[in-house]
Amino acid sequence: TVRAAMVAAFARYAADAGDTDGLSDARAELAALATELEDLGLVPPRYEAQLALAEIEIAAGDSAAAEQRLKDLSAEARDNGFERISKRASDLVAS
């Protein structure tokens, strides 16, 4: 969805800029968005929101939460046939 792309872009911008207030806002917005997308059954946009959320968690210094999110996402995406997203999640865990 357009909203998902916009929220993810804002979150990544906040992370790149080192904006701690923006990171906090982006993290909350992405978590809410991922839940909303899950409720709507929009799988690929939810996966993208979860990838962005993990990137924000890494930028915020919460690598344990990011690693667990990425491992879960990689497995779920692979099980559902989304190999590209699974690989992106796995690559982020490895980096």
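All of these numbers come straight from a predicted model, not from anything done at the bench.

*Asks:* I keep staring at the overall build of the protein chain and nothing clicks. Help me out?
*Replies:* In terms of regular secondary structure, the protein chain is built from five helices and zero strands. Reading the protein chain from its N end, one meets helices and strands in the order α-α-α-α-α. Its C-alpha radius of gyration of 12 Å places the protein chain within 12% of the 12 Å reference for a compact globule of 95 residues. Viewed in the frame of its principal axes, the protein chain has a C-alpha envelope of about 35 × 30 × 15 Å. Across the 95 residues of the protein chain, 33% fall into the buried class. Partitioning the intrachain contacts of the protein chain with sequence separation of at least 6 by distance along the chain shows that 50% fall at a separation of at least 24. When the accessible surface of the protein chain is totalled, it reaches about 5,300 Å², and 53% of it is carbon and sulfur. Charge centroids of the protein chain, computed over 10 positive and 18 negative side chains, lie 5 Å from each other.

*Asks:* Is there a simple way to explain helix α3 (residues 43-59) in this structure?
*Replies:* Note that an α-helix has 3.6 residues per turn; residues three or four places apart therefore point the same way. For α3, which comprises 17 residues, the first-to-last C-alpha distance of 24 Å matches the rise-based estimate of 24 Å (1.5 Å per residue) to within 8%. Within α3, the full set of buried residues consists of P45, R46, Y47, A49, Q50, L51, A52, L53, A54, I56 and E57. Looking at the buried residues of α3, the elements they touch are α1 (2-17), α2 (20-40), α4 (63-79) and α5 (83-94). Just beyond α3, the residue with positive phi is G61, at close to 90 degrees.

*Asks:* Could you clarify how one ought to interpret the nonpolar core in this entry?
*Replies:* Membership of the largest hydrophobic core comes to 14 residues, with the highest contact counts inside it found for A11, L30, L33, L37, A49 and I56. At the level of secondary structure, the elements contributing two or more residues to this core comprise α1, α2 and α3.

*Asks:* Explain the environment of R78 here, please?
*Replies:* By the secondary structure assignment, R78 is in helix α4. The exposure class assigned to R78 is partly exposed, which follows from its relative accessible area of 41%.

*Asks:* Which parts of the structure should I look at to understand the packing of α3 against α4?
*Replies:* Each pair of packed helices gets described by two things: the angle between the helix axes and the distance between those axes. At a minimum axis distance of 8 Å, the contact between α3 and α4 shows a crossing angle of 160 degrees. For the element pair α3 / α4, the angle class is roughly antiparallel. The handedness of the crossing between α3 and α4 is left-handed. The residues of α4 that touch α3, namely those facing R46, Y47, Q50, L51, L53, A54, E57 and I58, are S63, A65, A66, R69, L70, L73, E76 and A77.

*Asks:* How do you make sense of the environment of L92 when you look at a structure like this?
*Replies:* Tracing the sequence through the fold places L92 in helix α5. Looking at L92, the relative accessible area reads 22%, which means it is partly exposed. Each C-alpha atom of the pair L92 and I58 lies 9.6 Å from the other, and the pair is 34 residues apart in sequence. Residue contacts for L92: discarding those within four places in its chain leaves L51, E55 and L70.

Thresholds applied
- For every chain, the first residue of the written sequence is number 1, and numbering continues from 1 along that sequence.
- Predicted model: local features are reported for residues with pLDDT of at least 70 only, side-chain atom pairs are reported and counted for 80 or more only, and whole-chain, interface and lining totals are derived from all residues.
- Values shown for side chains rest on all heavy atoms present in the structure; no hydrogens or waters enter the calculation.
- The helix count covers DSSP runs of H or I at least four residues long, the strand count covers runs of E at least two residues long, and both are numbered beginning at the N terminus.
- Here the globule rule is a power law, 2.2 Å times the number of residues to the power 0.38, and the radius of gyration is based on C-alpha atoms.
- Accessibility here uses a 1.4 Å probe with only protein chains present; expressed as a share of the type maximum, an area under 20% marks a residue as buried, one over 50% as exposed, and anything in between as partly exposed.
- Here, two residues are considered to be in contact whenever any of their heavy atoms come within 4.5 Å of each other.
- The Shrake-Rupley method, run with a 1.4 Å probe sphere, supplies the accessible areas, and residue values consider only the shown protein chains as cover.
- Here Asp and Glu are counted as negative and Lys and Arg as positive; His is not counted, and neither are the chain ends.
- Every charge is mapped onto a representative atom, which is NZ of Lys, CZ of Arg, CG of Asp or CD of Glu.
- Multiplying one less than the number of residues by 1.5 Å gives the expected span of a helix.
- In this description, a nonpolar core means a group of buried Ala, Val, Leu, Ile, Met, Phe, Trp, Tyr and Cys residues linked to one another through side-chain atoms lying within 4.5 Å.
- Helix axes are fitted to C-alpha atoms over the stretch in contact, other axes to C-alpha atoms as well, and angles between N-to-C directions run from 0 to 180 degrees.
- Here is the rule for angles: anything less than 35 degrees is roughly parallel, anything more than 145 is roughly antiparallel, 65 through 115 is roughly perpendicular, and the remaining ranges are oblique.
- The sense of a crossing depends on the near helix, which, turned anticlockwise from the far helix by less than a right angle, makes the crossing left-handed and, turned clockwise, makes it right-handed.

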